[in-house]
Amino acid sequence: MTIYIYAEIVFLINFAINTVIMLLVKVLCRHHGKWWLLPIGGAASALLYTIALFILPYSFLGMPLSFVVLAPGVWLAFLSKSERGIKRFAINLAISYICSFALSGIVLVVGDFYATLLNLIIATAIALAIIQVAKKYIATKALDKKTFCQVRVSLEGKEASAIALIDTGMNLKEPLGQKNVIIIEISALEGVLPKEIKEIYISNKQDDLDYIAKSFEEANMQSRIRMVPFRSIGNNNGVLIGFRPDDIWVDKVHRNDIVVAICDFDLSEDGEYKALLGALDT
């Protein structure tokens, strides 16, 4: 019996599967590189596999070959500056192998190994769903280990809450009373901040001390204003606008020694937390 192998079909199937593997690696590792590199990596691995299929003896074909040709594709898919390096490449490659095994298993459950496009789409959707469940489980475990905490801020009868990352390396103190500082994104404080304070950020007047003082006075919060100096990469003399809340709770424990510093930028790239808290004085 004669078996016909069509190079374009082999290439397209492998291209689709390899690109999905690159996508899974990107999601799992939270890479922020260029998306268009993923199909380039998938195409490179698919092309190498297709060529090898026609020039290598049958005994060399199979899963080992798939692993070998996957390596150049992974390298091309994650060429962004932040993702370069031998260590990064080794991690990406190891996770791509795991994803390859997992995806093959899911495809086998869904349908024939030489899957149709529909089977591949279903397998990808299942894999992404499993990743999301795993990420939530890991986040929950992190919460249990107190890597994160729940904070609740009360100001003039209004309350706001947020998940805070506990960063023991952060040692911000409010200069006047040497109180602990919690940095909270302005979006998480939307429900408690007066419109006069919000206007500071809307008008981009965070560096105008006169405007800040006037805004707090108009909001009848002049006695609450606190300016918190901080240092960060690329910013040696930064200042955050802060305020003294009525009450604040950290994991249901009431504290009266914490000043809230407002930030107008994202503390977490994926929105996992909206606040940053250092080690609290006991």
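Scroll up a little and you will see the structure.
Owing to the predicted nature of the structure, the values given are computational and were not obtained by experimental measurement. (Residues numbered from 1 in each chain as written. Predicted model: local features only at pLDDT ≥ 70, side-chain atom pairs only at ≥ 80, totals over all residues. Heavy atoms only, no water.)

**Quick word on the overall build of the chain**
Next, step 1: Within the chain, the secondary structure is distributed over seven helices and 10 strands.
Next, step 2: By the burial criterion, 41% of the 282 residues in the chain qualify as buried.
Next, step 3: Taking the intrachain contacts of the chain between residues at least 6 apart in sequence as the baseline, contacts between residues at least 24 apart amount to 61%.
Next, step 4: Carbon and sulfur atoms form 62% of the exposed surface of the chain, whose accessible area is close to 16,600 Å². (Helix = DSSP H or I, 4+ residues; strand = E, 2+ residues; numbered from the N terminus. Buried < 20%, exposed > 50% of the residue type's maximum accessible area, 1.4 Å probe, protein only. Contact = heavy atoms within 4.5 Å. Areas by Shrake-Rupley, 256 points an atom, 1.4 Å probe, with all protein chains shown as cover.)

**Examining a nonpolar patch on the surface**
Next, step 1: Residues Leu47, Ile51, Phe54 and Ile55 make up a contiguous nonpolar surface patch of about 410 Å² in total accessible area.
Next, step 2: With respect to the helices and strands, Leu47 occurs in helix H2 (residues 37–55).
Next, step 3: Here Leu47 falls in the partly exposed class, since its relative accessible area comes to 46%. (Patch = residues over 30% accessible without salt bridge, like charges linked within 9 Å, V, L, I, M, F, W, Y side chains within 5 Å. Salt bridge = Lys/Arg side-chain N within 4 Å of Asp/Glu carboxyl O.)

**Remarks on the side chain of Thr19**
Next, step 1: Within the element layout of this structure, Thr19 appears in helix H1 (residues 7–29).
Next, step 2: According to the relative accessible area criterion, Thr19 is buried, its value standing at 18%.
Next, step 3: A distance of 2.7 Å separates a polar atom in the side chain of Thr19 from the backbone oxygen of Phe15. (Polar contact = N/O pair within 3.5 Å; in protein donor to acceptor, adjacent residues only side chain to side chain.)

**A short note on the nonpolar core**
Next, step 1: Ranked by size, the top nonpolar core spans 30 residues in total, and within it Ile182 and Phe243 carry the most contacts.
Next, step 2: At four residues, strand S1 (residues 148–155) tops the list of elements feeding residues into this core. (Core = buried A, V, L, I, M, F, W, Y, C linked by side-chain atoms within 4.5 Å.)

**Points about the pattern of salt bridges**
Next, step 1: This model, assessed by the stated rule, comprises seven salt bridges.
Next, step 2: Among the salt bridges present, the one from Asp257 reaches Arg255, with a minimum N-O distance of 2.8 Å.

**As for the side chain of Glu185**
Next, step 1: Inspection of the secondary structure puts Glu185 in strand S4 (residues 179–185).
Next, step 2: A distance of 2.8 Å separates a polar atom in the side chain of Glu185 from the backbone nitrogen of Leu267.

**A few points about helix H6 (residues 195–202)**
Next, step 1: Burial in H6 covers these residues: Glu196, Ile197, Ile200 and Tyr201. Seen end-on, H6 carries its buried residues on one side only, within an arc spanning 155°. For H6, the exposed residues set more than 90 degrees away from the buried face come down to Lys195 and Ile202. (Arc of directions from axis to C-beta.)

**What to know about the pairing of strand S7 (residues 247–250)**
In regular strands, side chains alternate between the two faces of the sheet.
Next, step 1: Note that S1 and S7 share four bridges and pair antiparallel. In the strand pairing of S7, Arg152 is matched with Trp249.
Next, step 2: Bridge count for S7 against strand S8 (residues 253–255) is three bridges, and the pairing is antiparallel. Opposite Trp249, over in S8, you have His254 as the bridge partner.
Next, step 3: The hairpin formed by S7 and S8 contains two residues between the paired strands, and Asp251 there has a positive phi angle of roughly 50°. (Pairing = 2+ DSSP bridges.)

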